[in-house]
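Listed here are the chains, written in short residue letters.
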Amino acid sequence: MLRICTICARGGSKGVPNKNLRPLLSKPLIIHSIEQAQRSGLFASIAVSSDSEEILVAARRAGVSHLVERPAEMATDQAAKLPAIQHCVNAVETETGRHFDIMVDLDATAPLRTVEDIRGAVALQEAGGCSNVITGCIAHRSPYFNLVEATGNGFVRLSKPGTGIVRRQDSPLCYDCNASIYVWRRETFFESRSVLMPETRLYKMPRERSLDIDSELDFEVVEFLLIKFSVVTETTGTF
């Protein structure tokens, strides 16, 4: 299997300004994902896509050989991420003349994943029987009994009303998508318009590795957890 890993990182961020280059435990946030991809040993190519020259320079210094300039229209607050990933893979295939069998994207703002999570998600995809793999953790709220949505008239209602389910034990397992790892096989990657398809599988991750950085609080919590995990790893050899 010929695999590629993409890491897409915009230069602009409103919640945490310049977050992809902000130091997290003494190294820029994006470098954590780059190093995880490198340590996994899975990829024939690792590529970083960005509209920021600073991010591309940081990626080059970290040993990334494929640097893809993201078009401005794919780098706005409203732009979907999937077209940027497809653009990145197309650019690398054009540059190298190779066609990849497996496409993996690591979100730069989800540094709590482990190398074992990456390998596990890829193995789930390569085992067959699915179009793609996403990652997530067991949801804290359930749409069947304690997750509500606005109706537009100032009121709220259950997201899944009328089921009669009032306890977690009686409801189907629900998961929060954590946007950490995405895996596709070639046959479905370029035709995809959404990361959720009829034959999508979920690679399960624990909540403590599922936080995505969207705010200053998220950044502080992620830093705390990374420090805690580092201590656990050093003292017990486990994570």
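The preceding data block contains the structure.
Thresholds applied
- Residues numbered from 1 in each chain as written.
- Predicted model: local features only at pLDDT ≥ 70, side-chain atom pairs only at ≥ 80, totals over all residues.
- Heavy atoms only, no water.
- Helix = DSSP H or I, 4+ residues; strand = E, 2+ residues; numbered from the N terminus.
- Buried < 20%, exposed > 50% of the residue type's maximum accessible area, 1.4 Å probe, protein only.
- Contact = heavy atoms within 4.5 Å.
- Pairing = 2+ DSSP bridges.
- Core = buried A, V, L, I, M, F, W, Y, C linked by side-chain atoms within 4.5 Å.
- Axes fitted to C-alpha atoms, helices over the stretch in contact; angles between N-to-C directions.
- Left-handed = near helix turned anticlockwise from the far one by under 90°.
- Nonpolar A, V, L, I, M, F, W, Y, C, P; charged D, E, K, R; others polar.
- Salt bridge = Lys/Arg side-chain N within 4 Å of Asp/Glu carboxyl O.

(A) Spotlight on the environment of A121. For A121, the position within the fold is in helix α4 (residues 115-126). On the accessibility criterion, A121 (0% relative accessible area) is buried. With 14 residues separating them in the primary sequence, A121 and T135 have C-alpha atoms 7.6 Å apart. Leave out the neighbours within four places in its chain, and A121 touches V133, T135, I181, V183 and Y203.

(B) Quick peek at the pairing of strand β6 (residues 102-106). The buried count for β6 comes to five of five residues, which makes it a mostly enclosed element. Here β6 shows a buried face lined by I102, V104 and L106 and a second buried face lined by M103 and D105. Of the pairings in the sheet, the one linking strand β1 (residues 3-8) to β6 comprises four bridges and is parallel in character. Its bridge partner lying in β6, T6 is registered against D105. Pairing analysis gives five bridges linking β6 to strand β10 (residues 175-185), with the strands arranged antiparallel. Counterpart to I102 in the pairing with β10 is R185.

(C) How the structure looks around the nonpolar core. Formed by 30 residues in total, the largest nonpolar core has its most connected members in I30 and V48. For this core, the secondary structure elements donating two or more residues are β1, α1 (29-40), β4 (45-50), α2 (53-61), β6, α4 and β10. Setting aside its immediate chain neighbours within four residues, I30 contacts I7, A9, N20, V48, I55 and A108. Of all hydrophobic cores here, the second largest spans 16 residues; its members include A47, C88, A179 and W184.

(D) The arrangement of the packing of α1 against α4 in detail. For the pair α1 and α4, the least separation of the axes is 9 Å and the interaxial angle reads 60°. Handedness of the crossing formed by α1 with α4: right-handed. Contacts from Q36, A37, R39 and S40 of α1 reach α4 at V115, I118 and R119. Class assignment of the residues belonging to the contact of α1 with α4 gives a composition of three nonpolar, two polar and two charged.

(E) View of the pattern of salt bridges. Using the criterion set out here, one finds twelve salt bridges in the structure. Linking K81 and D105 is a salt bridge whose minimum nitrogen-to-oxygen distance equals 2.7 Å. Residue K81 is located in helix α3 (residues 81-96), and its partner D105 is located in strand β6; the two are separated by 24 residues in the primary sequence. Given the relative accessible area of 25%, K81 is considered partly exposed. Under the relative-accessibility criterion, D105 is labelled buried at 0%. Residue R185 pairs with E187 through a salt bridge whose shortest N-O separation is 3.7 Å. Salt bridges linked by common partners bring K81, D105 and D107 together as one network.

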